[in-house]
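# Summary of the model geometry
If you want the building blocks of each chain, they are given just below.
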Number of protein chains: 2
Amino acid sequence: MASTSPRVELPIEARVVNVGLPLFADAIAAQGADVVHVDWRPPAGGDSVAVRALTDLYGPRSLDIDAANAEVLRRLDHGVPFLIDVRAAIDVVPGIGDRTLLHPGPPCTWDDVCDPLRRSMRATVVAEGWASDIGGAHAMLASRDVELAAANEHATVLPMATALGPSMPVWVVANREGDTRAFAPIGQGPGDVAWYGRESPTAIDRLAFLRDVAGPLLAQIVAQLGSIDVFAIAAQGVQMGDDVHMRTQASTNLLIRTMLPAIARLGADSKTIAFAEYLASNHLFFLTVAMAGAKSLTLYAEQVLGSSIVTTMARNGTTYGIRLSGRDRWFVTEAPPVADALYYAGYGPEDAALDIGDSAVLELVGLGGPAAAGSPAVAAFLGGSMSDAARATDDMAQICAAESSRFKLPVMGFRGTPLGVDVRRVVETGIAPKVNTGILHVNAGLGQVGAGVATAPLAGFRAAVLALGES
Amino acid sequence: MASTSPRVELPIEARVVNVGLPLFADAIAAQGADVVHVDWRPPAGGDSVAVRALTDLYGPRSLDIDAANAEVLRRLDHGVPFLIDVRAAIDVVPGIGDRTLLHPGPPCTWDDVCDPLRRSMRATVVAEGWASDIGGAHAMLASRDVELAAANEHATVLPMATALGPSMPVWVVANREGDTRAFAPIGQGPGDVAWYGRESPTAIDRLAFLRDVAGPLLAQIVAQLGSIDVFAIAAQGVQMGDDVHMRTQASTNLLIRTMLPAIARLGADSKTIAFAEYLASNHLFFLTVAMAGAKSLTLYAEQVLGSSIVTTMARNGTTYGIRLSGRDRWFVTEAPPVADALYYAGYGPEDAALDIGDSAVLELVGLGGPAAAGSPAVAAFLGGSMSDAARATDDMAQICAAESSRFKLPVMGFRGTPLGVDVRRVVETGIAPKVNTGILHVNAGLGQVGAGVATAPLAGFRAAVLALGES
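Only a predicted model underlies this, so the values are computations on that prediction, with no experimental measurement involved.

Parameters and conventions
Residues numbered from 1 in each chain as written. Chains lettered and ligands numbered in written order. Predicted model: local features only at pLDDT ≥ 70, side-chain atom pairs only at ≥ 80, totals over all residues. Helix = DSSP H or I, 4+ residues; strand = E, 2+ residues; numbered from the N terminus. Rg over C-alpha atoms; globule rule 2.2 N^0.38 Å. Buried ≥ 20, exposed ≤ 12 C-beta atoms within 10 Å, placed from the backbone. Contact = placed C-beta atoms within 7 Å. Pairing = 2+ DSSP bridges. Axes fitted to C-alpha atoms, helices over the stretch in contact; angles between N-to-C directions. Parallel < 35°, antiparallel > 145°, perpendicular 65-115°, else oblique. Left-handed = near helix turned anticlockwise from the far one by under 90°. Nonpolar A, V, L, I, M, F, W, Y, C, P; charged D, E, K, R; others polar. Expected span 1.5 Å × (residues − 1).

## So, the overall build of chain A
- The secondary structure content of chain A amounts to 15 helices and 15 strands.
- Against the compact-globule benchmark of 23 Å for 471 residues, chain A has a radius of gyration of 23 Å, which places it among compact chains.
- Overall, the C-alpha framework of chain A stretches about 90 × 50 × 45 Å when taken along its three principal axes.
- Buried residues in chain A amount to 57% of all 471 residues.
- Partitioning the intrachain contacts of chain A with sequence separation of at least 6 by distance along the chain shows that 73% fall at a separation of at least 24.

## Quick look at the pairing of strand β8 (residues 319-324) of chain A
Residues and elements named next belong to chain A.
- Taken across its 6 residues, β8 has 6 buried, putting it largely inside the fold.
- Of the two faces of β8, the one carrying T319, G321 and R323 and the one carrying Y320, I322 and L324 are both buried.
- Bridge count for strand β7 (residues 310-316) against β8 is 5 bridges, and the pairing is antiparallel. Opposite V310, over in β8, you have L324 as the bridge partner.
- What sits between the antiparallel neighbours β7 and β8 is a turn of 2 residues, in which G317 has the positive phi angle 90°.
- Taken together, the 4 bridges between β8 and strand β9 (residues 331-334) define a ladder with antiparallel strand orientation. Within the sheet, the bridge partner assigned to Y320 lies in β9 and is T333.

## Let's talk about the packing of helix α3 (residues 62-78) of chain A against helix α11 (residues 285-301) of chain A
All names here are of chain A.
- One can describe the packing of α3 onto α11 by two numbers: an axis separation of 8 Å at closest approach and a directional angle of 155°. As the angle between them shows, α3 and α11 are arranged roughly antiparallel. For the element pair α3 and α11, the recorded crossing hand is right-handed. Contacts between α3 and α11 involve V72, R75 and L76 on the former and, on the latter, L297, Y300 and A301.
- Partitioning the contact of α3 with α11 into residue classes produces 5 nonpolar, no polar and 1 charged.

## Some points on the sheet that holds strand β15 (residues 448-455) of chain B
Residues and elements named next belong to chain B.
- An order of β10-β15-β14 is seen for the 3 strands of this open sheet, with the pairing classed as antiparallel. Two strands close off the open sheet at either side, each with one partner strand: β10 (338-343) and β14 (434-440). Across the sheet, the axes of successive neighbouring strands diverge by a mean angle of 25°, strand direction being ignored.
- Bridging between β14 and β15 involves 7 bridges; their strand directions are antiparallel.

## Digging into the environment of B:C114
Residue and element names in this part refer to chain B.
- Following the sequence through the fold, C114 ends up in the loop between β2 (100-103) and α5 (115-127).
- It is 20 Å that separates the C-alpha atoms of C114 and Y343, two residues lying 229 residues apart in sequence.
- Setting aside anything within four residues of it in sequence, one finds C114 in contact with G317, T318, A353, L354 and I356.

## Quick look at the interface of chain B and chain A
- With 31 residues of chain B at the interface, the matching set in chain A holds 32 residues.
- For the side of chain B that touches chain A, the elements supplying multiple residues, two or more each, are α9 (249-264) and α10 (270-280) of chain B.
- When grouped by side-chain class, the residues that make up the side of chain B that touches chain A number 19 nonpolar, 8 polar and 4 charged.

## Considering helix α13 (residues 386-399) of chain A
Residue and element names in this part refer to chain A.
- For α13, with 14 residues, the first-to-last C-alpha span of 21 Å sits near the 20 Å given by 1.5 Å per residue.
- Listed as buried for α13 are M386, A389, A392, T393, D395, M396, A397 and I399.
- The elements touched by buried residues of α13 are α12 (376-379), β12 (400-409), β13 (415-421), α14 (423-429) and β14 (434-440).

Written out as structure tokens, the structure is:
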């Protein structure tokens, strides 16, 4: 049966002119063709105030912003963080007093501190020797006898519900190119630990162990090694299935093998053996080293004025805050729940505290979510297959302004991980950064109860776009 | 312009009946459909003698062979090798005397030993104290004062040009399920070392260091740890970019972190520090552990009679030999060159010794080439992209009878690595196993000069098929 339908004459060529927002142009370029069909949705979800700001920021002001962004991206991509020392926080962290506790996320007062972070703070107050027990610690904190300060405002980043006391040891990471230094605590490890919102005697003992044993030994080890190129290790880790946020197994092991001769020189006393056991059981050991490395670069990047790139992204379990390069102002919203979660047996969403920790600094430098595509372990949290993990990286690519030149994804043809979250793109696309993270118990001090994916609230990015538009 | 060509009426359904060789059926199954188009090439390259043998082995005798193979595959897949001890070879390796040198590959006499292996043997004779210098060692070997024996015939596997003297320490790996034990030397590490065909004083000192320092310390460490599940580490390594042959970085680091508390207990004397430095600089440390694990499984598998699965594949730099499960007979051909090679600066194919070493035992249990798809580092030798590495795995899948249930490839949807090389499939398809391997200097004792891919000669597999047909 031959066809009898009339043939429609189609034009044999079409050209598309980009009339507004850059993703249109990106989509055309990505297809490598002049002819393009866009599945159009209104930018910024049709939010006319946001569209007006974006039209300005992508239009008349784009030259200035893009120039600032180029310098921000260069700094995030080319700064080289070196681990150079381990010191007590009070000796190196700028602007803290001997009764200051640093906490993750945006600034907050005791009344606003969530349950797991309150427990971590009480444990830390006891470990510092300011109170003899948890009750005494509570009274001190409630009566404002302890100063609380956002770690991010003191060149420091803290994972999960870590509270950092002045006597606690911190990694000192220097980005020599920009002369910026950042700090992060030595990881507390898994189990019954304060950074998971525990305030048990064991959790307090672990803090004392880090201060009295691990910190001094790590100081000796780092002194022996001279300096350690943090992102050289992270880059190898990305080739070995780490996203270097939720998963740092490969990077941790590379660091430990690097440290091995120095560890052997420590001697075989009980402290060294306890330290070796702590290292052997802590596959997230590299996490805070990487965080300090990332913070040393965002500190360098945020010196640039007038950029639309995010240089702080942090949560305290109550609020979620971002800051842009060149500005001190926090754009704060409520902390989101952690969705797409896998819970330990016996726990569920009703047990889950809200998103917490400064580790999202990693997502700002091309690690974590941007590196998900290369991580089988992270894929397990994102649906199970490597294509699920690739989608997480692709989402970040849509809202990032560049690709990392050092973190390469083998499964994506050795493409660089997405680098530099641009608030304009976030608001335009409605795609918020996602952060792979642990979940703490909401109110019973039971520690970690699962892990999942937290999506940043869009409202903070919208506020940042409007503020950038007004400036 | 409407078409005026006549329409051809095609049948709307076709069914294919498999008339002979199994790859036809596989291809149909792989397409998940009854309708199949096969790009047909003559099986066994049209070799009528081989086709006649295959017709028998796939036909009347296939039930018996497939039953034997099923048991061989079960043993290769489900045996569990544990590292349980480190001992001097003479104390544990069966059937060797105190003047025996074990060598890789098929049996050979001094006249047939290639240059790099001769150098390694001379270095080992000096390290054993049988001669005071290389010249004396040469005279002993040339006059047959030293017995040479193929390591594979003594439950032992040796990487590259390793010669194993009776005083040298070996890993003792036990497959408890089958009560088989296998042995492999502690890795000599990179650089100026005998297993790369060097006979310098440094290379001889390294052998003494392994015997006098590393061996005894590793024996203490393994005794402390009790036993170590070798393939649990290898399975994690495969998730982290190791093929666990050419690349063992992740597995090595996992093993070292496991050993860390025991290492810390050794004390901080100069021996321990030298040992730690050796570990820190040796990313192939896990290679020989994995080889002993693999050999413990092939020893278990080869107890099964009448199978077409390869249970020995080994090269001595002069000849390449395979053996089938249930038979002592070696099928030997000339050793091939190492192709697809990357050479160190200043070297080229004219400098390359022929393929050498027992490490191809790994390819028989689902590691090495079968695991290439997951390894960015190995991809660099196979063309550079992950799809090149995937092709190496796909080739192995065509000649293997099963998939590993423990070694999973994330980039292939967590499919198991191809397991169990079936000589029938090799001869039928003309696809020979490929082994990723180092390249040694052919005649000047310069050590490793590159790395590449060695393809097993088909003639040995053909001879095995014909012998299986006659039996």
